[in-house]
Amino acid sequence: APGDAPLTPCYRPALPPDLAATLTGDGAASTTVEALADALREAPAERRRAEVAAGMTRIGPHRDDVAFLLGGRELAAVGSRGQQRGAALALRLAEVALFRERTGEPPVLLLDDVLSELDAARRARVIEAAYDVDQLFVTTPDAGRPPRGTLPAERRLRLAGGELRLIETDAP
């Protein structure tokens, strides 16, 4: 959003504390990719008994996370709910752009109640970005968001009592 500090993704591998301490020594960020790869190859065998007892693997890329830094600070700690929601949307919209770039096809975009916590400027930017997809589905508890006529050929549906009904349309 205009005026926000730069948003930076930060890869956070989920490593057990003992493995992390082994790799980084005193906690300094001195781990090489090769050292991390070697430790991750060896770790499953060393932890097999504990993981079988737990019924799950506790290390590996499926446990990793991505944190976002806003101006160098952890967004989860310093950002408002709107800024956090905006970061999540930025990631989804980047996925849309990457999908289109790699396949040449516009994707279908599903936005589940994303507009309610955004200010008007952010809502407008999300809707503007949505013009780049083939189909957009937006769910919202507020029938006024986005405003009528914001999207081309929009169809509005209401789900009530287990029934989905067309309530208005701007399409021919």
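One structure accompanies this document, and this report is about it. (Residues numbered from 1 in each chain as written. Predicted model: local features only at pLDDT ≥ 70, side-chain atom pairs only at ≥ 80, totals over all residues. Heavy atoms only, no water.)

Once that is clear, we can look at the overall build of the protein. A count of helices and strands for the protein gives five helices and seven strands. Taken from the N to the C terminus, the helices and strands of the protein come in the order β-α-α-β-β-α-α-β-α-β-β-β. Residue pairs at least 24 apart in sequence account for 52% of intrachain contacts in the protein once pairs closer than 6 positions are excluded. Looking at the protein as shown, the accessible area adds up to about 11800 Å², and 55% of this sits on carbon and sulfur atoms. (Helix = DSSP H or I, 4+ residues; strand = E, 2+ residues; numbered from the N terminus. Contact = heavy atoms within 4.5 Å. Areas by Shrake-Rupley, 256 points an atom, 1.4 Å probe, with all protein chains shown as cover.)

Right, let's talk about the sheet that holds strand S2 (residues 65-70) for a bit. Strand order in the open sheet formed by three strands is S1-S2-S3, and the pairing between neighbours is antiparallel. Two strands bound the open sheet, and with one partner strand each, they are strand S1 (7-12) and strand S3 (73-74). Bridging between S2 and S3 involves two bridges; their strand directions are antiparallel. Of the residues in S3, the one forming a bridge with leucine 69 is glutamate 74. (Pairing = 2+ DSSP bridges.)

Glancing now at the side chain of glutamate 51. Within the secondary structure, glutamate 51 sits in helix H2 (residues 33-54). Classification of glutamate 51 by relative accessible area gives buried; the value is 10%. Those residues within four positions of glutamate 51 in sequence are excluded, and the remaining contacts are Met56, Thr57, Arg58 and Ile59. (Buried < 20%, exposed > 50% of the residue type's maximum accessible area, 1.4 Å probe, protein only.)

For the rest of this paragraph, the subject is the pattern of salt bridges. Scanning all chains against the criterion turns up one salt bridge. Glutamate 74 is the salt-bridge partner of arginine 12, the closest N and O atoms lying 3.1 Å from each other. Pair noted here: arginine 12 is in strand S1 and glutamate 74 is in strand S3, with a separation of 62 residues, a long-range link. (Salt bridge = Lys/Arg side-chain N within 4 Å of Asp/Glu carboxyl O.)

A separate point is H2. Maximum bend of H2: about 65°, positioned at arginine 48. Among the residues of H2, Ala39, Ala43, Arg47 and Glu51 are the ones counted as buried. Glycine 55 occupies a position one or two residues after H2 and carries a positive phi of about 75°. (Bend = angle between axes of the 7 residues up to and from the residue.)

In this section: helix H4 (residues 81-103). Its 23 residues place the ends of H4 33 Å apart at the C-alpha level, agreeing with the 33 Å of an ideal helix rising 1.5 Å per residue. Residues of H4 that are buried: Gly82, Ala87, Leu89 and Val96. Buried residues along H4 sit in contact with S1, S2, helix H3 (75-78), strand S4 (108-112) and helix H5 (120-130). (Expected span 1.5 Å × (residues − 1).)

The computed volume of the largest pocket comes to approximately 890 Å³. Around the largest pocket, the lining is made up of 28 residues, and of these Leu136, Phe137, Val138, Arg155 and Arg156 lie nearest the centre. At the level of secondary structure, the elements contributing two or more residues to the lining of the largest pocket comprise strand S5 (135-139), strand S6 (155-160) and strand S7 (163-169). Tallied by class, residues from the lining of the largest pocket come to 16 nonpolar, three polar and nine charged. (1 Å grid on protein atoms, 1.4 Å probe; cavity = no way out; pocket = protein on both sides within 12 Å on 5 of 7 lines; lining within 4 Å. Points joined across faces, edges and corners; volume = space filled by probe spheres on them. Nonpolar A, V, L, I, M, F, W, Y, C, P; charged D, E, K, R; others polar.)

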